[in-house]
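For reference, the chains in residue letters:
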Amino acid sequence: MCNAYYCELKKKTLLFFFFVSPSIQASLRPKALVLPVKKDASTLQYVTQLKQRTPLVPLKLTLDLGGAYLWVDCDQGYVSSSYKPALCNSAQCSFARSKSCGDCDIGPKPGCNKNTCSVLPSNPVSRTGTIGEVTQDVISVQSTNGKNPGKPVSVPKFLFSCGSTFLAEGLASGVKGMAGLGRSKISMSSQFPAAFSFRRKFAICLSSLPNANGVIFFGDGPYTFLPGEFDVSKSLIYTPLILNPVSTSPAFFSNEASADYFIGVKGININGKTVKLNTTLLSINKKEGIGGTKISTVTPYTVMETSIYRAVVNAFVKEISTIPRVLAVAPFTACWNSKSFGSTRVGPGVPQIDLVLQNKNVFWRIFGANSMVQVKKDVLCLGFVDGGFNPHTSIVIGGHQIEDNLLQIDLAASRLGFSSSLLFQQTTCGNFNFTSNA
Ligand SMILES: *[C@@H]1O[C@H](CO)[C@@H](O)[C@H](O)[C@H]1NC(C)=O
Ligand SMILES: *[C@@H]1O[C@H](CO)[C@@H](O)[C@H](O)[C@H]1NC(C)=O
């Protein structure tokens, strides 16, 4: 019997197919889905929007690339005739890797029901977590042929977790939860392919402009951008994804692997010259899950452990030592008058920063548009932040550095595909044609 929180569920054979509704006809089965994503100017969060519940209502969510699942504030304004909490010991509970089960007595209401299992939804922006009911409801998103959005399609029993009003504190205005795309069986990036039997691949392309929609694709390419019909999926560079065996979430059950996407950065070059780094920090300590490099959409600027940060800033400054610096603007420490730099197709003409990956020929090149931040009129700063001496993860590649770059996560092949700056191709992440052709 299991009636208290934190009781272990018996290990079971998981049912991988229960998301596939027999009502979805093969002919209507989409090959890919698309969601818009916009930068919120005041929080620098990336906010996406989809529809949920019966009747469907629009729902704004902060994008969390490393989030294990979707969570929503169920405390306020959750009205739906199709809300269905996961009963203790159900297949949904084991699928969600829930290790807790029990009764909530002030219900029944969304987020609070008897004999239901729970997980630990967290908000990595405010670094808070809570306990929340595992539940399911209808979700509706637009299908796509990779060029335009098409007909909306729905997943009738989309699994998610209830968060709470306090958990949503610190999120952008109007946002009711977080859209987790992380490495887990119930993240959005796993449930959509399971529901429509497409490849376990998705891509994000974040726009730097708050008035332009960036895009998230679920499924394989084409990922087409205007002008013309440029398919970014055809020109990606690949690097293996690395599993961190220890959770990096603010709240987690023991023995839980990280839902974050880590990549193997082996070194950093600036203008082609190797920056001397303590390479121990670049690999993941498998016992504690400390170290390594992950990609985050909830970190506005790349954060580096102090010794790495100092080495990178010093090497960068040295390359342009003839250009006088101006007073630094926090959180940055190296700033210049923006008129000191010429402008190029890929932003201010500054030294290139290469993240060297599986071998010296494979690197992620960061150009001025992604390395420099315009902090005020005429002042440009190197857009990296000092993460202190003992951060959990040594390098967290943040939002500014991935804007106008398309990143494809291929879960089946466990690899990341990246485009480097789309500005080179004379397009941007804001150039997906969101006019529906349905
Ligand atoms: C490199 O980093 C590791 C892990 O933090 C630390 O134990 C070691 O002392 C560092 N080595 C040097 C030379 O600073
Ligand atoms: C965007 O897509 C719509 C629908 O297919 C099409 O009519 C329109 O011409 C496209 N816009 C551009 C700029 O190509």
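Residues numbered from 1 in each chain as written. Chains lettered and ligands numbered in written order. Predicted model: local features only at pLDDT ≥ 70, side-chain atom pairs only at ≥ 80, totals over all residues. Heavy atoms only, no water.

Of regular secondary structure, the protein chain possesses 5 helices and 34 strands. For 438 residues, the compact-globule formula gives about 22 Å, and the C-alpha radius of gyration of the protein chain, at 22 Å, lands near that figure. In terms of its C-alpha atoms, the protein chain occupies a principal-axis envelope of roughly 70 × 50 × 40 Å. For the protein chain, buried positions account for 54% of its 438 residues. Sequence-distant contacts in the protein chain: of pairs separated by 6 or more residues, those separated by 24 or more amount to 70%. Element-wise, carbon and sulfur atoms account for 55% of the exposed surface of the protein chain, whose accessible area totals about 19,000 Å². With 42 positive and 24 negative side-chain charges, the protein chain shows a spacing of 6 Å between the two charge centroids. (Helix = DSSP H or I, 4+ residues; strand = E, 2+ residues; numbered from the N terminus. Rg over C-alpha atoms; globule rule 2.2 N^0.38 Å. Buried < 20%, exposed > 50% of the residue type's maximum accessible area, 1.4 Å probe, protein only. Contact = heavy atoms within 4.5 Å. Areas by Shrake-Rupley, 256 points an atom, 1.4 Å probe, with all protein chains shown as cover. Lys, Arg positive; Asp, Glu negative; His and termini not counted. Charge placed at Lys NZ, Arg CZ, Asp CG, Glu CD.)

Around ligand 1, the surrounding shell consists of Asn 278, Thr 280 and Leu 281. Asn 278 places a polar side-chain atom, nitrogen or oxygen, 2.3 Å from an oxygen atom of ligand 1. (Near = heavy atom within 4 Å. Polar contact = N/O pair within 3.5 Å; in protein donor to acceptor, adjacent residues only side chain to side chain.)

Another aspect to go through is the sheet that holds strand β29 (residues 372-376). Strands sit in the order β23-β24-β30-β29 across an open sheet of 4 strands; the sheet is antiparallel. Each of the sheet's edge strands pairs with one partner strand only, and the pair in question is β23 (325-326) and β29. Sheet analysis places β23 next to strand β24 (residues 335-337), joined by 2 bridges and oriented antiparallel. If you follow Arg 325 over to β24, its bridge partner there is Trp 336. (Pairing = 2+ DSSP bridges.)

Here the focus is the nonpolar core. One recurring pattern in soluble globular proteins is that nonpolar side chains are buried together. In this structure, Met 188, Phe 192, Phe 218, Ile 268, Trp 336 and Trp 364 are the most contacted members of the largest nonpolar core, which totals 75 residues. In this structure, this core is formed jointly by two domains, domain 1 (4-221) and domain 2 (232-430), each of which donates at least three residues. Membership of the second largest hydrophobic core comes to 13 residues, among which are Phe 217, Val 232, Leu 406 and Leu 422. (Core = buried A, V, L, I, M, F, W, Y, C linked by side-chain atoms within 4.5 Å. Domains from an automatic or database assignment.)

Here we come to the UniProt feature "domain: Peptidase A1" (unreviewed entry) in the protein chain. According to UniProt, the feature "domain: Peptidase A1" (unreviewed entry) maps to residues 46-419 in the numbering used here. Helix makes up 10% of residues 46-419 and strand makes up 38%, while its end C-alpha atoms are separated by 19 Å. (UniProt positions renumbered as here; feature names shortened; annotations may be inferred.)

Let us look at the site of ligand 2. Close to ligand 2 lie Asn 148, Leu 226, Asn 433 and Thr 435, which account for all nearby residues. One nitrogen or oxygen atom from the side chain of Asn 148 is found 2.8 Å from an oxygen atom belonging to ligand 2. Between Asn 433 and ligand 2, the recorded distance is 2.3 Å, taken from a side-chain N or O atom to an oxygen atom. Taken together, the residues of the shell around ligand 2 break down into 1 nonpolar, 3 polar and no charged. (Nonpolar A, V, L, I, M, F, W, Y, C, P; charged D, E, K, R; others polar.)

Within this structure, the stated rule accounts for 17 aromatic pairs. Centroid distance Tyr 78 to Tyr 83: 5.2 Å. Interplanar angle 75°. Geometry classified as edge-to-face. An aromatic cluster is built from Phe 158, Phe 192, Phe 202, Phe 218 and Tyr 261, whose rings are joined through pairwise contacts. Across from the ring centre of Tyr 78, 3.8 Å away, lies the NZ or CZ of Arg 53, which sits over that ring. Between Arg 415 and the ring centre of Tyr 238, over which it is positioned, the NZ or CZ distance is 3.6 Å. (Phe/Tyr/Trp six-rings, centres within 6.5 Å; stacked < 30°, edge-to-face > 60°. Lys NZ or Arg CZ within 6 Å of the ring centre and 35° of its normal.)

Take the state of the cysteines next. As enumerated under the stated definition, the model contains 6 disulfides in all. In this model Cys 205 forms its disulfide with Cys 429; the gap between the sulfur atoms is 2.0 Å. Where Cys 205 bonds to Cys 429 through sulfur, the torsion about that S-S bond is close to -75°, and the disulfide is left-handed. Of the two residues, Cys 205 is situated in strand β13 (residues 201-205) and Cys 429 in the segment after β34 (415-421); the sequence distance between them amounts to 224 residues. Take Cys 205 and Cys 429: they sit in the same class, and that class is buried. (Disulfide = S-S within 2.5 Å.)

So, about the domain arrangement of the protein chain. Each domain of the protein chain was delimited in the assignment, giving domain 1 (4-221) and domain 2 (232-430). A separation of 28 Å is found between the C-alpha centroids of domain 1 and domain 2. Contacts between the two partners involve 47 residues from domain 1, matched on the other side by 37 residues from domain 2. Taken over both partners, the interface formed by domain 1 and domain 2 buries close to 3,200 Å², and the fraction arising from carbon and sulfur atoms is 60%. When residues of domain 1 are sorted by the area they lose upon contact with domain 2, Leu 65, Arg 183 and Arg 200 head the list and together hold 23% of the total. Taking the shortest distance from any N to any O, the salt bridge between Asp 410 and Lys 201 comes out at 3.9 Å. In terms of residue count, β13 provides more of the side of domain 1 that touches domain 2 than any other element does, 5 residues in total. (Buried area = accessible area lost by both parts, 1.4 Å probe. Salt bridge = Lys/Arg side-chain N within 4 Å of Asp/Glu carboxyl O.)

In this section: unusual backbone geometry. Cis peptide bonds are those with omega within 30 degrees of zero, and the linkage from Gly 107 to Pro 108 qualifies with 0°. Between Gly 221 and Pro 222 the backbone carries a cis peptide bond, its omega angle lying at 10°. Along the chain, the position of Pro 222 falls in the loop between β14 (214-219) and β15 (224-225). At Ser 197, a position not held by glycine, the phi torsion is positive, near 50°. Topologically, Ser 197 is positioned in the loop between α2 (188-196) and β13. Here Ser 197 falls in the partly exposed class, since its relative accessible area comes to 49%. A positive phi angle is found at Ser 414, which is not glycine, with a value near 50°. Tracing the backbone through its elements, the reader meets Ser 414 in the loop between β33 (405-410) and β34.

Consecutive residues of a regular strand have side chains that alternate between opposite faces of the sheet. Pairing geometry for strand β3 (residues 57-64) and strand β12 (residues 177-180), over 3 bridges, is parallel. For Asp 64, the partnering residue across the bridge sits in β12 and is Gly 180. Sheet analysis places strand β4 (residues 71-73) next to β12, joined by 2 bridges and oriented antiparallel. Opposite Trp 71, over in β12, you have Met 178 as the bridge partner.

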